[in-house]
Amino acid sequence: MARAGFDDDFAEFVTRWSPALLRVAFLLTSDRGEAEDLLQTALLKTSRHWDRLADREAAYAYVRRVLVTTHTSWRRRRRVHEVLIDEVPDLPVGESAGIGAGRALQALEDLPPKMRAVVVLRCYEGLTEAETAEALGCSVGSVKSQASRGLARLRVLLDQSTTTTVPTPEGAR
C-alpha cells in the first residue's frame, strides 16, 4: 500500500509543478521538445528516489537541481547543435525592431552551460546567491562571478543584436 501513496504523492507533485519546471527547462535548453525531454528525464530520476525525499517542500528545488545537472551533462555529451525549422523565415535574423523573446533566448543560449544555469536560477527563478550555489553545488563566490559575467555578456549580446544593421539593396533607396 505504500506504493499507492508514492504514486499519489508523486502524481500530485508532477501535476502541480510541471508547468513551472518546464519553463525552467525551456530557459535552459531554448527548445520546447528538448525541454520536455529534460523535464521527463528529471522527473524519472526523481521518481526513483521519491521515497527517500523526506522533505516534500524541498521537492521542487530537488527536481530543479536535477534539471540543471542533467542539462549540463547533456551539453557535455552533445557538441553538435541543430535547429530544425518548418519553413524559412521571410526576414533575416535581427531585422525586426526591439528586443524580442527570441533574441533574449538566443543570447541566453550563447552563454556557457554553468553561466546560463546561474543566470536562469538567479534572474528567472529568483533564487538568492546562497540558494543558487546550493542548487549548483558550487561556492557563493562562483555564483556571484558567473552571474556578473553572464549578465554583462547578455547585455553585450543584446546590444549587438539591436545595433546590427541589415544591408539594404542598392536600388532600395
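Bear in mind the structure is a predicted one, so any value in this text is a computation, not a measurement.

> So what exactly am I meant to see when it comes to the overall build of the protein here?
In terms of regular secondary structure, the protein is built from seven helices and zero strands. When the helices and strands of the protein are placed in sequence order, the string is α-α-α-α-α-α-α. Going through the 173 residues of the protein one by one, you find that 35% of them count as buried. Within the protein, counting contacts between residues at least 6 apart in sequence, those at least 24 apart form 68% of the total. Within the structure as shown, the protein displays about 11,300 Å² of accessible surface, and the carbon and sulfur contribution to it stands at 53%.

> How should I be thinking about the packing of helix H5 (residues 113-124) against helix H6 (residues 129-136) in this particular structure?
A packed helix pair is summarised by two numbers, namely the angle formed by the two axes and the spacing between the axes. At a closest axis distance of 10 Å, the pairing of H5 and H6 adopts a crossing angle of 135°. It follows from the interaxial angle that H5 and H6 lie oblique. Here H5 runs over H6; the crossing is right-handed. In contact with Ala117, Val118, Leu121 and Arg122 of H5, H6 contributes Glu129, Thr132, Ala135 and Leu136. In the contact of H5 with H6, the residues fall into five nonpolar, one polar and two charged.

> Explanation requested: the confidence of the model for the protein in the structure shown.
Low-pLDDT stretches of the model should not have their predicted coordinates read in fine detail. Here the protein averages 81 in pLDDT, and 75% of its residues register 70 or above. Counting interchain partners and residues more than four positions distant, the pLDDT-below-50 stretch residues 94-98 has seven contacts.

> I'm lost on the pattern of salt bridges in this one. Help?
Opposite charge on two side chains allows them to pair when their charged atoms are near. Tallying each qualifying case throughout the model produces two salt bridges. For Arg32, the salt bridge goes to Glu36, with nearest N and O atoms at 2.9 Å. Of this pair, Arg32 and Glu36 both sit in helix H2 (residues 32-48), four residues apart, roughly one helical turn. Among the residues examined, Glu36 registers a relative accessible area of 37% and is labelled partly exposed.

> What is the right way to read the packing of aromatic side chains from this model?
The relative placement of two aromatic rings is captured by the distance of their centres and the angle of their planes. All chains considered together, the criterion is met by four aromatic pairs. Judged by centre distance (5.3 Å) and plane angle (45°), the rings of Phe13 and Trp50 are tilted. Of this pair, Phe13 sits in helix H1 (residues 2-29) while Trp50 sits in the loop between H2 and helix H3 (59-77), and the two are 37 residues apart along the sequence. Each of the two residues, Phe13 as well as Trp50, counts as buried. Members of the aromatic cluster, connected to one another through ring pairs, are Phe10, Phe13 and Trp50.

> Got a minute to help me understand the nonpolar core in this structure?
Taken as a class, soluble globular proteins show a tendency for nonpolar side chains to be buried jointly. Counting 43 residues, the largest nonpolar core has Phe13, Leu21, Leu28, Leu67, Leu108 and Leu136 as its most contacted members. Counting residues per element, the ones that place at least two in this core are H1, H2, H3, helix H4 (101-109), H5, H6 and helix H7 (140-163). For this core, the element with the highest residue contribution is H1, accounting for nine residues.

> Looking at this model, I keep getting lost on the side chain of Glu125. Mind explaining?
Tracing the chain through its elements places Glu125 in the loop between H5 and H6. Here the side chain of Glu125 touches Arg64 through a polar contact of 2.9 Å, side chain to side chain. Among residues more than four places away in sequence, those in contact with Glu125 are Val24, Tyr60, Arg64 and Val120.

> Got a minute to help me understand H6 in this structure?
For the α-helix, the turn length of 3.6 residues means that residues three or four positions removed from each other point alike. All of the buried residues along H6 are Thr132, Ala133, Ala135 and Leu136. The arc that holds every buried residue of H6, seen down its axis, measures 165°, which confines them to one face. Where H6 ends, the next residue or the one after it, Gly137, has phi of about 70°, a positive value.

Rules behind the numbers
Within every chain, residues take consecutive numbers counted from 1 along the sequence as written. Reporting of local features is limited, given that this is a predicted model, to residues whose pLDDT is at least 70; pairs of side-chain atoms are given and counted only at 80 or more, and all residues count toward the totals for whole chains, interfaces and linings. Only hydrogens and water are removed before side-chain values are computed, so all heavy atoms of the structure are retained for them. Working definition: helices are DSSP H or I runs of at least four residues, strands are E runs of at least two. Numbering for both runs from the N terminus. Classification of residues uses two cut-offs on accessible area relative to the type maximum, computed with a 1.4 Å probe and protein chains only: under 20% is buried, over 50% is exposed, and between them is partly exposed. Whether two residues are in contact is decided by their heavy atoms: any pair within 4.5 Å suffices. Residue-level accessible areas treat just the shown protein chains as cover; the underlying method is Shrake-Rupley with a 1.4 Å probe. For helices, the axis comes from a line fit to the C-alpha atoms of the stretch in contact; other axes are also lines fit to C-alpha atoms, and the angle between any two N-to-C directions lies between 0 and 180 degrees. The cut-offs work like this: below 35 degrees is roughly parallel, past 145 is roughly antiparallel, 65 to 115 is roughly perpendicular, and the gaps in between are oblique. What makes a crossing left-handed is the near helix being turned counterclockwise from the far one by less than a right angle; a clockwise turn instead makes it right-handed. Each residue gets one of three labels, nonpolar for Ala, Val, Leu, Ile, Met, Phe, Trp, Tyr, Cys and Pro, charged for Asp, Glu, Lys and Arg, and polar for the others, Gly among them. Values of pLDDT, the confidence the predictor places in each residue, fall between 0 and 100. For salt bridges, the criterion is a side-chain nitrogen of Lys or Arg within 4 Å of an Asp or Glu carboxyl oxygen. Stacked, tilted and edge-to-face pairs are distinguished by plane angle, under 30 degrees for stacked and over 60 for edge-to-face with tilted covering the rest, among Phe, Tyr and Trp rings (Trp via its six-membered ring) whose centres lie within 6.5 Å. Each nonpolar core is a collection of buried residues, namely Ala, Val, Leu, Ile, Met, Phe, Trp, Tyr and Cys, held together in the definition by side-chain atoms within 4.5 Å. Polar contact is the term for a pair of N or O atoms within 3.5 Å; when the atoms are in protein, one must be able to donate a hydrogen and the other to accept it, and sequence-neighboring residues count only if both atoms are side-chain atoms. Taking the helix axis as origin, the arc is that swept by the directions to the C-beta atoms.

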